[in-house]
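If you want the building blocks of each chain, they are given just below.
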Amino acid sequence: MKITLNNRVESFDKEQMTVAQIMDAKSFRFRMLVVRLNDNIVKKDKYGETMVKDGDDLKIIHLVSGG
Amino acid sequence: MSTFNQIKTILSNKRVGIAGAGGLGSNCAAFLVRSGIGKLIIADFDQVSEFNLNRQFYFKHQIGMDKVEALRDNLLMINPDVVLQMHKTKVNKENIPLLFQVCDVIVEAFDHASEKQMFIESVLSRFPDKPLVAASGMAGYGNFSDIGWMESGNFFVCGDFSRAISDEVPPLAPRVNIIAAMQADKVIELLMQSNEKV
């Protein structure tokens, strides 16, 4: 499948993957993230069950402390 | 573009919510009041400390005051006519709808990443159509070109997305203010755009 991940086109061998699998494959190791799939929020407890498929727009945004 | 009077007239009818009155929230609020915003709803539970003065919009004699009270005083010195709803409370999942549902735009202005995540997830799931402006990464100094925006629908985040604060990489006034100003600028842009659509 081909998806847009953080505004860049990325290809994966599988036809669909969970958000958690994509995080693992792309080494997103930060603990605090905000995930948007096709502009909808994916909550932390749903990373393992939310499926991403061909053509999807996924954003995985790092949240770091400071303010 | 509009004249400043036209911008002020439009912004004077708008309500903006700000979650947190620290480095981001206090400065973002000041920028919005200077721009003519009509009403701000600001929530924070903390008191002004000496360590806040390196970046937050407070003054030495205000140390020990509740931030929401000190900020009210400071914002009213800029514009005595701005309507301020200040809440001394810790923002949590339960009180977010009550605090912020009447706002045209909401600003995430917390310090800790875990609070940012809680707030962003709650607002985006509770109010999917309300614009939310957040920030991530503003510690230290330099490397201005690392700062940018991530956007998804009506969710906007600015920052460098990588530098967390620590003893070695402290938050400093210039970079925190840059991010607070970017947030305020985005709020104004969103409010002006929403006005054109009506």
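Residues numbered from 1 in each chain as written. Chains lettered and ligands numbered in written order. Predicted model: local features only at pLDDT ≥ 70, side-chain atom pairs only at ≥ 80, totals over all residues. Heavy atoms only, no water.

A. Expanded view of the packing of aromatic side chains. All names here are of chain B. For the structure on display, the rule yields three aromatic pairs over all chains. Ring geometry for F100 versus F119: centroids 5.7 Å apart, planes at 85 degrees, classification edge-to-face. One end of the pair, F100, is in helix 4 (residues 96-100); the other, F119, is in helix 5 (residues 113-126), with 19 residues separating them in the sequence. Its relative accessible area of 0% is what places F100 among the buried residues. Residue class for F119 comes out buried when judged on its relative accessible area of 0%. Arranged with centres 5.5 Å apart and planes meeting at 85 degrees, the rings of F110 and F119 form a pair that is edge-to-face. Grouping aromatic residues by their ring pairs yields a cluster made of F100, F110 and F119. The ring of F127 has K130 sitting right over it, with the charged end atom 5.2 Å from the ring centre. Seen from the ring of W149, K186 lies directly overhead, with NZ or CZ sitting 5.0 Å from the centre. (Phe/Tyr/Trp six-rings, centres within 6.5 Å; stacked < 30°, edge-to-face > 60°. Helix = DSSP H or I, 4+ residues; strand = E, 2+ residues; numbered from the N terminus. Buried < 20%, exposed > 50% of the residue type's maximum accessible area, 1.4 Å probe, protein only. Lys NZ or Arg CZ within 6 Å of the ring centre and 35° of its normal.)

B. Layout of helix 1 (residues 4-11) of chain B. Taken residue by residue, helix 1 of chain B has I7, I10 and L11 of chain B as its buried positions. Axial view of helix 1 of chain B: buried residues confined to an arc of 95 degrees, hence all on one face. (Arc of directions from axis to C-beta.)

C. Main features of the sheet that holds strand 5 (residues 132-135) of chain B. Residue and element names in this part refer to chain B. The strand order across the open sheet built from seven strands is 3-2-1-4-5-7-6, with neighbouring strands paired in mixed fashion. A strand with exactly one partner marks an edge of an open sheet, and here the two such strands are strand 3 (83-88) and strand 6 (148-152). For this sheet the average axis-to-axis angle between neighbouring strands, irrespective of direction, equals 15 degrees. The pairing of strand 6 with strand 7 (residues 155-159) spans five bridges and is antiparallel. (Pairing = 2+ DSSP bridges. Axes fitted to C-alpha atoms, helices over the stretch in contact; angles between N-to-C directions.)

D. Region of interest: the environment of R31 of chain A. Here R31 of chain A lies in the loop between helix 1 (19-25) and strand 4 (33-37). As a C-alpha pair, R31 of chain A and K44 of chain A span 13 residues in sequence and 9.9 Å in three-dimensional space.

E. Here's a closer look at the confidence of the model for chain B. Residues of chain B with pLDDT of at least 70 account for 99%, and the chain-wide mean is 96. Taken over the whole predicted complex, pTM reads 0.96, whereas the ipTM for its chain interfaces reads 0.93. (pLDDT = per-residue confidence, 0-100.)

F. Fine view of the interface of chain A and chain B. Taken together, the contacts link 22 residues of chain A with 29 residues of chain B. The contact between chain A and chain B buries some 2200 Å² in all, and 60% of this surface belongs to carbon and sulfur atoms. Scanning the region where chain A abuts chain B turns up zero salt bridges. Joining chain A to chain B, the criterion identifies 15 residue pairs in polar contact (both at pLDDT 80 or more). Breaking the side of chain A that touches chain B down by element, the ones donating at least two residues are strand 4, strand 5 (40-42) and strand 7 (57-62) of chain A. Take the side of chain A that touches chain B: its biggest share by element is four residues, from strand 7 of chain A. (Contact = heavy atoms within 4.5 Å. Buried area = accessible area lost by both parts, 1.4 Å probe. Salt bridge = Lys/Arg side-chain N within 4 Å of Asp/Glu carboxyl O. Polar contact = N/O pair within 3.5 Å; in protein donor to acceptor, adjacent residues only side chain to side chain.)

G. Region of the structure containing the pairing of strand 2 (residues 8-11) of chain A. All names here are of chain A. Looking at chain direction, strand 1 (residues 2-5) and strand 2 are connected through four bridges and run antiparallel. By the bridge assignment for strand 2, K2 is matched with S11. Once strand 1 ends, the chain turns through two residues before running back antiparallel as strand 2, passing N6 with a positive phi of about 50 degrees.

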